[in-house]
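Residue-level listing of the chains:
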Amino acid sequence: MALRLRARVRSHRAGRMATAAMVGVACAGAAVVAATGVASVARTARAVPPQAKSVLAAVTRETKQQEALRKSTWKAAWSTLDALASIGDVQGADAALRSLLSLMMVQTPHSAALSGSDEGKLRTAYNSAIKACSNAGNASQASLYYEEMRERGVRPNGRTYGKLMEACAKAGEVEAAERWFGLLGEEGFEVGSIEFNMLIDAAGRCGDGPAAERWLARAMEAGLADTATLNSVVQAVAQHSLEAAETLLTSAHDLKPDLITFNTLVAAAARIGDLAAAERFFEEAEAAGLSPDVVTFTSVIDAAAKRGDAPSAERWLDLAIARRIEPNAVTGGALVDVAARTGGTTAARSTLDNLRTSGVKPNIVTLNTLAATVAQEGDFASATRIYDEAIASGLRPDLIFFNTLLAAAAKAGDLQAAKEWFERAEQAGFTPDSFTLNTLISAAARSGSLKAANRWYNRMVTSKMQPDVVTFNTLISASARHGEMASAEQWLVEMSRTGEQPDVVTFNSLMAAAARKGNLACVERWFARACEVGLLRDVGSSLPSHKQALLAYTSLMKAAADKGNLTALEHWASQASSSGVTLDATAFHHVVRACAYRGNLETAEEWLERAQREGVPVQLTVHNSIIAAAAREGDVARAEARFSALAEVGLHPDERTFSSLIGARARQGDLAGAKVWFDRMEASGLHPDIFHVTELLWACKLSPSRADAAAYAEQLARHMVQDRGIEIDQKFLVVLGKVIGARQAADLCRELGLDPDVVASRT
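(A) Seen up close, the overall build of the chain. Counting secondary structure elements, the chain contains 40 helices and zero strands. The buried share among the 763 residues of the chain stands at 47%. Long-range contacts, defined here as pairs at least 24 residues apart, represent 65% of the contacts in the chain between residues at least 6 apart. Within the structure as shown, the chain displays about 37800 Å² of accessible surface, and the carbon and sulfur contribution to it stands at 52%.

The following block contains the structure:
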């Protein structure tokens with residue numbers, strides 16, 4: 001009995017040991033499956049005792065499910081990465097890439113050798129991340145991904161290098177694109193026309209026409225150039241020189257241009273408003289057997305719009321319709337543009353209404369053009385209504401539209417409205433650009449709030465935007481206009497600190513501010529600084545440089561005239577002439593008025609006569625400044641002689657002209673002479689106001705014939721109030737009282753139905 005019991009115990013222990021052994025083998029098998037995958041299950045199964053196979057089968061089923069889940073998760077994660085890459089979301093794509101790497105348990109940059117399958121997956125993931133960079137034009141981040149994948153032991157393929165080249169092309173980094181092109185060939189991958197086109201595109205984006213032409217020549221030598229290559233080069237070169245693009249097209253005679261080629265040239269001509277060139281390319285396209293499409297016609301119409309040539313735009317529209325080419329929203333935008341340029345808001349609105357009647361729905365660009373037109377005319381309220389109209393039409397205004405409304409508010413000097421539109425742009429999901437913040441700085445400057453301008457500048461800096469020369473010129477000009485010269489000079493220092501170089505506009509702002517203060521030494525100092533850096537030398541015939549040089553010399557001459565420094569005035573006038581600068585009406589206006597104001601009447605008239613000899617049209621205000629100065633000096637003969645000269649130059653006197661002449665006679669007590677000028681004023685169709693009547697009363701006050709003067713003064717008061725409806729004021733009542741007596745003046749007021757106390761309160 002005892003022996004049977006001990007045998008049974010030994011049998012039980014042996015069974016337990018066998019079971020433990022089978023479980024151990026099964027667990028070992030599961031570990032192998034987990035580590036090596038389902039493919040090794042068969043090999044593992046052969047090594048497992050029959051009793052453990054049921055356990056191993058369960059583990060295998062679970063492992064298959066886990067592997068299927070892992071594959072499904074990886075595929076979903078890669079789809080997310082690829083979708084983000086397609087829209088150029090570099091930040092989102094990077095986060096998706098990191099998730100994929102974590103999923104594949106690639107935790108460190110330096111890992112063990114990868115299996116072919118894993119390397120392929122990682123290459124696909126990295127290529128997608130580089131694709132995001134290529135779509136965003138982020139060449140630097142694309143390069144970092146390349147380095148990272150090499151560190152992980154992932155070999156790039158042709159697609160990798162292609163996307164790296166594309167990223168550089170979009171960033172306009174020609175040399176970097178060329179380096180990737182070289183590596184593509186060194187790695188033994190096939191180079192095709194697409195890669196050449198990328199290099200040409202990179203050259204075009206940075207304005208390197210010679211590089212684009214060089215790569216075209218290499219592509220032609222390799223037999224890889226096609227019409228698409230030609231189009232890439234033409235587009236690259238045409239962005240900077242239409243003439244060079246036309247020459248290139250002629251030289252590349254082995255490549256046949258298509259409609260895209262000619263449309264590129266027509267569009268380039270339209271951008272610079274060269275209607276003749278646009279029409280010539282249109283004709284060449286037809287001569288090549290091509291049929292111009294709506295893009296071609298729209299570009300020609302746009303060229304006419306840029307020139308403000310409405311008849312030509314309408315002629316080309318009629319031709320398009322005759323050929324059964326329906327205008328689209330872009331065509332409509334060009335037509336609205338030409339209407340706006342030639343007829344303002346009314347014409348633009350009428351054109352838009354006609355397009356709608358014809359079934360052409362305006363796009364956001366068209367409505368932006370209309371908004372910009374009304375904003376240019378100072379109608380900010382209408383510009384905002386056009387925004388509402390765009391929203392009601394289901395259109396989504398872009399940042400350009402918001403910038404247009406910001407600029408309209410800035411022009412109106414409405415800083416609060418500009419700020420509100422800025423906030424609405426942010427709420428709409430737009431990131432403000434440098435134009436946005438420059439506009440806000442300008443709005444603050446126009447409203448006279450230098451502190452607000454400073455705040456917007458700080459916002460620009462904290463937003464990691466680089467202030468440009470426009471930013472600093474606005475701040476310098478605003479400070480200078482408000483007499484804050486120290487602040488203006490401090491902005492110049494800040495400009496230098498950020499690496500921006502002042503241009504001629506910068507120095508002209510400083511010179512104009514100093515000239516307004518009559519500080520000739522300061523103007524001369526800034527002029528010397530501008531010359532030192534070569535901004536005001538060799539003016540030549542360039543229109544922009546001539547205009548800026550003219551502004552500089554005008555400031556110098558105005559400051560000299562204000563100081564009464566005739567020697568300096570002549571010196572700077574002579575210097576302007578020797579520099580090839582032709583003085584304009586504004587320059588003469590400043591000099592003549594400054595001389596007249598200081599009482600240098602002979603010098604003022606000499607400069608006026610010089611302007612007339614040089615054929616410079618002189619405005620009435622310049623003549624009026626001499627007449628007024630002569631009247632103040634009591635030189636009635638000179639004032640009246642200048643009046644007589646007006647008819648000789650085709651100018652008609654205005655209220656200010658007669659005011660000076662009436663005042664000149666009045667101050668001499670010449671009532672008869674003052675009455676002559678007063679009557680001549682009325683005879684010319686001008687209506688005297690309270691100021692002219694008061695001047696005539698002064699003539700009565702100073703007239704030696706007191707009785708006649710008193711009678712005339714009373715008669716004048718009755719006539720002005722009863723017949724002319726002029727509202728008399730305190731000054732009139734005081735002077736009238738000096739002529740006829742204060743009591744009589746008060747009585748006359750009551751007789752005319754006026755309360756003397758009320759009249760006395762009017763200033």
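(B) Spatial organisation of the nonpolar core. Core analysis: the largest hydrophobic core is formed by 229 residues, its most contacted members being Phe401, Phe527, Leu536, Trp607 and Leu736. Counting residues per element, this core draws most heavily on helix α28 (residues 543–563), which supplies nine residues.

(C) View of helix α8 (residues 174–186). Spanning 13 residues, α8 covers 18 Å between terminal C-alpha atoms, matching the ideal 18 Å at 1.5 Å per step. Those residues of α8 not exposed but buried are Val174, Ala176, Ala177, Trp180, Phe181 and Leu184. Seen end-on, α8 carries its buried residues on one side only, within an arc spanning 165°. Those residues of α8 that are exposed and angled more than 90 degrees off the buried face are Glu175, Arg179 and Glu186.

(D) Spotlight on the packing of aromatic side chains. For the structure on display, the rule yields 23 aromatic pairs. Consider the rings of Phe402 and Trp421, whose centres lie 6.2 Å apart with planes at 50°: the pair is tilted. Residue Phe402 is found in helix α20 (residues 399–411), and its partner Trp421 is found in helix α21 (residues 415–427); the two are separated by 19 residues along the sequence. On the basis of relative accessibility, which here comes to 6%, the residue Trp421 falls in the buried class. When the ring centre of Phe281 is taken as origin, the NZ or CZ atom of Arg280, which lies over that ring, is 5.0 Å away. We note Lys675 situated over the ring of Tyr712; from NZ or CZ to the ring centre the distance is 4.4 Å.

(E) Just the confidence of the model for the chain, in detail. The predicted model of the chain has a mean per-residue pLDDT of 82, with 87% of residues at 70 or higher. Below a pLDDT of 50 lies the segment residues 1–45, which in the model reaches 25 contacts outside its immediate sequence neighbourhood of four places, other chains included. In the model, residues 106–111 has pLDDT below 50 throughout and makes nine contacts with residues more than four positions away in sequence or in other chains.

(F) Highlighting the pattern of salt bridges. The full count for this structure, using the stated rule, is 29 salt bridges. Arg98 serves as the salt-bridge partner of Asp94, at 3.2 Å between the closest nitrogen and oxygen. Of this pair, Asp94 and Arg98 both sit in helix α4 (residues 90–103), separated by four residues, roughly a single helical turn. Overall, Asp94 belongs to the partly exposed group, its relative accessible area being 24%. Between Lys419 and Glu423 there is a salt bridge, with its nearest N and O atoms 2.8 Å apart. Placement of both Lys419 and Glu423 in helix α21 is noted, with a separation of four residues, approximately one turn of the helix. A single salt-bridge network, built from bridges that share partners, covers Asp94, Arg98, Glu148 and Arg152.

(G) Focus on the packing of helix α22 (residues 434–446) against helix α23 (residues 450–462). It is at 8 Å that the axes of α22 and α23 come closest, and there the two elements cross at 165°. The pairing of α22 with α23 is recorded here as roughly antiparallel in orientation. The hand of the α22/α23 crossing is left-handed. Facing α22, whose interface residues are Ser434, Leu437, Asn438, Leu440, Ile441, Ala444 and Ala445, α23 presents Ala452, Ala453, Trp456, Tyr457, Arg459 and Met460. In terms of residue class, the contact of α22 with α23 is built from ten nonpolar, two polar and one charged.

(H) Highlighting unusual backbone geometry. In this structure, Arg324 takes a positive phi of about 65° despite not being glycine. Among the structural elements, Arg324 can be located in the loop between α16 (310–322) and α17 (329–357). One non-glycine residue, Lys464, lies in positive phi territory at about 65°. Along the chain, Lys464 turns up in the loop between α23 and α24 (469–481). The class for Lys464 is exposed, based on a relative accessible area of 77%.

(I) Quick peek at helix α32 (residues 620–632). The end-to-end C-alpha separation of α32 is 18 Å, in line with the 18 Å expected for 13 residues at 1.5 Å each. With respect to burial, α32 is a largely interior element, eleven of its 13 residues being buried. On its buried face, α32 sits against α30 (585–597), α31 (601–613), α33 (636–648) and α34 (655–667). Of the residues trailing α32, Gly634 is marked for its positive phi of about 80°.

(J) Examining the side chain of Thr160 more closely. For Thr160, the location among the structural elements is in helix α7 (residues 158–171). Residues within four places of Thr160 in sequence aside, it is in contact with Asn127, Ile130, Tyr146 and Met149.

(K) Here's a closer look at the environment of Glu494. Here Glu494 is to be found in helix α25 (residues 485–497). A C-alpha to C-alpha distance of 8.5 Å links Glu494 and Phe472, two positions 22 residues apart in sequence. For Glu494, the residues in contact, after removing those within four places along its chain, are Tyr457 and Phe472.

(L) How the structure looks around the environment of Ala267. One can find Ala267 in helix α13 (residues 259–271). Under the relative-accessibility criterion, Ala267 is labelled partly exposed at 25%. On a C-alpha basis, the gap between Ala267 and Phe281 in space is 9.8 Å, while along the polypeptide they are 14 residues apart.

The rules behind these values
- Residues numbered from 1 in each chain as written.
- Predicted model: local features only at pLDDT ≥ 70, side-chain atom pairs only at ≥ 80, totals over all residues.
- Heavy atoms only, no water.
- Helix = DSSP H or I, 4+ residues; strand = E, 2+ residues; numbered from the N terminus.
- Buried < 20%, exposed > 50% of the residue type's maximum accessible area, 1.4 Å probe, protein only.
- Contact = heavy atoms within 4.5 Å.
- Areas by Shrake-Rupley, 256 points an atom, 1.4 Å probe, with all protein chains shown as cover.
- Core = buried A, V, L, I, M, F, W, Y, C linked by side-chain atoms within 4.5 Å.
- Expected span 1.5 Å × (residues − 1).
- Arc of directions from axis to C-beta.
- Phe/Tyr/Trp six-rings, centres within 6.5 Å; stacked < 30°, edge-to-face > 60°.
- Lys NZ or Arg CZ within 6 Å of the ring centre and 35° of its normal.
- pLDDT = per-residue confidence, 0-100.
- Salt bridge = Lys/Arg side-chain N within 4 Å of Asp/Glu carboxyl O.
- Axes fitted to C-alpha atoms, helices over the stretch in contact; angles between N-to-C directions.
- Parallel < 35°, antiparallel > 145°, perpendicular 65-115°, else oblique.
- Left-handed = near helix turned anticlockwise from the far one by under 90°.
- Nonpolar A, V, L, I, M, F, W, Y, C, P; charged D, E, K, R; others polar.

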